[in-house]
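# Survey of secondary and tertiary structure
Here's the letter readout for the chains.
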Amino acid sequence: GIFKPMDLNHIIKLLEETDKDDLEEKQLKRVKKLVQCYQNGLPLRDLAQIFKILNLCAGKIEKQPRFVESAYDILKLCGLPFLKKKVSDEITYAEDTANSIALLGDLMKIPSSELRIQICKCIVDFYHAEPPKKHIPGYQQASSSYKIQMAEVGGLAKTMVQAMHLLENQLVEKLWVLKVLQHLSTSEVNCTLMMKAQAASGICAHLNDPDPSGQVLFRSSEILWNLLEKSSKEEIIQQLSNFECLLALKEVFKNLFMRGFSHYDHQLRNDILVITTIIAQNPEAPMIECGFTKDLILFATFNEVKSQNPLVKGLKLSNSYEDFELKKLLFNIIVILCKDLPTTQLLIEGKVVLALFTYVKKSEKHKIIEWSAAQHEELQLHAIATLSSVAPLLIEEYMSCQGNARVLAFLEWCESEDPFFSHGNSFHGTGGRGNKFAQMRYSLRLLRAMVYLEDETINTDLCEKGAIQQMIGIFKNIISKPNEKEEAIVLEIQSDILLILSGLCEYHIQRKEIFGTEGVDIILHVMKTDPKKLQSGLGHNVLLFSTLDSIWCCILGCYPSEDYFLEKEGIFLLLDLLALNQKKFCNLILGIMVEFCDNPKTAAHVNAWRGKKDQTAASLLIKLWRKEEKELGVKRDKNGKIIDTKRPLFTSFQEEQKIMPLPANCPSIAVMDVAENIRAKIYSVLDKLDFENLPGLSTEDFVTLCIIHRYLDFKIGEIWNEIYEEIKLEKLRPVSTDQKILDTITTASENIGKMVASLQSEMIESQARQDVQNEQKAYAKIQATHKQRELANKSWENFVARTSNAKMLKKAKRLQEKAIESSRYIKRPQNAILHQTGIKGLNTTVPSGPVVTVKSTPARLIGGPLADTELALKKLPIRGGAFQKVKAVKTVDEPKKSIAT
């Protein structure tokens, strides 16, 4: 090849020598020769030795400054492509290459500006590989990403971060190191190494250092972005959450906000704000202490609330894309900052609620256009969404701004027919194109947030302003104009309306009366939803939950509403929902049923309900009980009978949990079990329906009903058993009287279990006997059917025999004549004329008349309906051929008087 053979080991030995004359000249000469030899690239096989030579040269610089040039020249070679002779060289020399590249970071410690810059240039060139100037026979260029991979393996990023801390006062070198780190931070491996070297805090703390070039801020923000995206976000936030970093960010942001005019400055300002927003999510970040929170609140509201603060004096935002993004980012950071409660006072001082409420009004064409129509709409929605987070923390400010009145007036506009073309092209505007659904959706969210504070001042004010009637009106209006295209948004609006109504009406009978029949009608409308829609994922489930909640809060306890609900078959609809067997609804529906059963009119409705296959409500409830017990792992035999009479209600969870002594104010496992499953509710409903008169139950249902009937007794016994076990665990000995009472209670509880088990056995045995009887009846019926069939077959066989066998026919005829004769009256009355009723010579064994019609004879043989009808008087000719008419036979005249024989 072109490479001249060079003894690199000889150069290394020469550089290691120290005591010869003219040594420096020789050493420099040999290094220069080496540089000339490798001016087209460094072979991977020689890399380790070449970098050892570089390291030896670098070590001599302090005492022999002339070696700076040698080291510089070798570093320039490192920027050239690495060359491989074999394809496998990349793998073979991987370790040597990684160690060699890692050495570049260590060389940054040498106090030579020229060398440091060259090292940085060399590393940057890794990412901008150029083809070799000259093709070298027998060698190929290593892959373009090889140097980058080896830099990751060698941990170069870590040493470069450490080098940056040495260069705080050298701006030019510092900029080069930042450029290197910017390139290195494009990889996740390097970002992790940089994170471990505390790069984030080191870079951020110096964001505001003097920098005429403006590159420090640009490159630093880029590196911070990459670190947040490509390494542990939580760790980077932790590194940036200190006073020094936040102070630097604050000063940079203020400068860019107040003095940044270019497009580039505005973009950088927004980037810094996004990084700040991410840090603000950490509640430990000293945002308030460094004064950043106060400044951000000022910047967010100065456009809406005039301020005399010199920071914003004369400042104005344009409607450019960057300023519009800034406004949204400021709204967003307020939502994050308000999660830290000490921020509340700053929000009050900054008049944030008042500023945000300037957007909660009908869109108007302003004389001075600050934002375009689309921008204003997006900011309006963002402001209302921000209020949902901020207003609940600042109740006094909300009320002093007439918050309820403003929101209700805005909702009135949303519902009106006022022409308004919304753009709906933002996150908050989803589903709101060409309508006011987005505005309505966020306004209702705001109201819901305020109502659920349960602050009586707010709720009373809402009711006085007619909120209940307005909410019902909006709901009815939505129902009357179905919108399938935006169904998910509409369902969310409906859910929020019902939740607001629930929050307002709960605990207040007067408000429930205002809710009245109109309110009940909208609830019934939702309950009639097609059950298939519950699986659509659009929000029907949430709406149904809201509806059930509003039955609880807005109807129960108000007798006129309850009666109207019953009259409109509301209980039927509830039971239909219960029959869907969806676990998520069962608990809530049964809770409502328990309360409704206090109304004396409910029982008749429940008993009248019929489900699929004529299922009754009692049967449905018992089926739910069995399903619940199966899921809870309660021990029952195949017939549903009690197995463990001592603990008949015990679940598998209770079996696993060991009984532990608990304070008196802590509920035990047995008590918690009552609230954690639906058995107690099913018991309550059936108890109020009267256990004795439940229609449509099978034996299996009655067997389960025995357990349900005794649920309370079993549960009391279970709790007493827990008390007994706790006393044992605490090694207490009750006095003899107490011991006797405890024993009596536990024995009585067990006896109830045995009694129920015995009753269940009787029922099962009785049913088994009944089943046997029913089986025997069925068999008897089958037997009778078979016997009848046999007789019919026998009759047919006799008939066939008579028609095919002359002897059998004669025998049958004799038997028939004998039977006729024996049936006649023997004593004849005097003067009676006897007539013979039999026709002699007739070869039939069936009762005969003067005419015999054979229905089975085909029409082609008898000549059809127009032929001679005296069929009985004709005979078929013995010989073949057509029909022939013969002489008619003279018939005997009918007797005028005869005796029936």
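Look up a bit, the structure's there.
Here we summarise the structure given alongside this text. (Residues numbered from 1 in each chain as written. Predicted model: local features only at pLDDT ≥ 70, side-chain atom pairs only at ≥ 80, totals over all residues. Heavy atoms only, no water.)

### Considering the overall build of the chain
Across its full length, the chain carries 42 helices and three strands. Considering the chain as a whole, with its 901 residues, one finds that 44% of them fall into the buried category. Nonlocal contacts in the chain, meaning residues at least 24 apart in sequence, comprise 76% of its contacts between residues at least 6 apart. (Helix = DSSP H or I, 4+ residues; strand = E, 2+ residues; numbered from the N terminus. Buried < 20%, exposed > 50% of the residue type's maximum accessible area, 1.4 Å probe, protein only. Contact = heavy atoms within 4.5 Å.)

### Details of the sheet that holds strand 3 (residues 140-141)
Either a parallel or an antiparallel arrangement is found when strands of a sheet pair, and the pairing is made through backbone hydrogen bonds. Pairing in this open sheet of three strands is mixed, and the strands run 1-2-3 from one edge to the other. Each end of this open sheet is capped by a strand with a single partner; those strands are strand 1 (42-43) and strand 3. In this sheet, strand 2 (residues 82-84) lies alongside strand 1 in parallel orientation, the contact comprising two bridges. Along strand 2, the bridge assignment pairs Leu42 with Phe82. (Pairing = 2+ DSSP bridges.)

### Considering the pattern of salt bridges
Scanning the model with the defined rule gives 33 salt bridges in all. In this structure, Glu492 engages Arg445 in a salt bridge whose closest nitrogen and oxygen atoms are separated by 2.8 Å. Taken as a pair, Glu492 in helix 27 (residues 487-505) and Arg445 in helix 24 (residues 437-451) lie far apart in primary sequence, 47 residues in all. Judged by relative accessible area, Arg445 falls into the partly exposed class, the value being 27%. Residue Glu629 pairs with Arg679 through a salt bridge whose shortest N-O separation is 3.2 Å. Placement of Glu629 in helix 34 (residues 617-632) and of Arg679 in helix 37 (residues 679-689) is noted, with a sequence separation of 50 residues between them. (Salt bridge = Lys/Arg side-chain N within 4 Å of Asp/Glu carboxyl O.)

### Topic: the state of the cysteines
Here, disulfide denotes a covalent bond that connects the sulfur atoms of two cysteines. The full count for this structure, using the stated rule, is zero disulfides. Looking at Cys120, it has no disulfide partner, and the nearest cysteine sulfur is the one in Cys122, 9.6 Å off. Residue Cys120 is classed as buried on the basis of its relative accessible area, which comes to 1%. In this model Cys122 remains outside any disulfide bridge; the closest cysteine sulfur is found in Cys78, 4.7 Å from its own. (Disulfide = S-S within 2.5 Å.)

### A word on helix 41 (residues 806-823)
For helix 41, spanning 18 residues, the distance from its first C-alpha to its last is 25 Å, which sits close to the expected 26 Å at 1.5 Å a residue. The residue sitting at the N-terminus of helix 41 and contributing the capping side-chain oxygen is Asn805; that oxygen lies 3.1 Å from the backbone nitrogen of Lys807. (Expected span 1.5 Å × (residues − 1). Polar contact = N/O pair within 3.5 Å; in protein donor to acceptor, adjacent residues only side chain to side chain.)

### Quick word on the packing of helix 1 (residues 8-16) against helix 3 (residues 47-60)
Each packed pair of helices is defined by two parameters, the angle between the axes and the distance between the axes. Two numbers describe how helix 1 lies on helix 3: the axes approach to 10 Å, and their chain directions differ by 15°. For the element pair helix 1 / helix 3, the angle class is roughly parallel. The handedness of the crossing between helix 1 and helix 3 comes out as left-handed. Of helix 3, the residues touching helix 1 (which contributes Leu8, Asn9, Ile11, Ile12, Leu15 and Glu16) are Gln49, Ile50, Lys52, Ile53, Leu56, Cys57 and Lys60. For the contact of helix 1 with helix 3, the residue count by class is eight nonpolar, two polar and three charged. (Axes fitted to C-alpha atoms, helices over the stretch in contact; angles between N-to-C directions. Parallel < 35°, antiparallel > 145°, perpendicular 65-115°, else oblique. Left-handed = near helix turned anticlockwise from the far one by under 90°. Nonpolar A, V, L, I, M, F, W, Y, C, P; charged D, E, K, R; others polar.)

### Structural notes on unusual backbone geometry
Even without being a glycine, Asn581 presents a positive backbone phi close to 65°. Within the secondary structure, Asn581 is located in the loop between helix 31 (570-579) and helix 32 (583-596). Of note, Asp690 is a non-glycine position whose phi angle comes to about 80°, a positive value. With respect to the element layout, Asp690 can be found in the loop between helix 37 and helix 38 (699-709).

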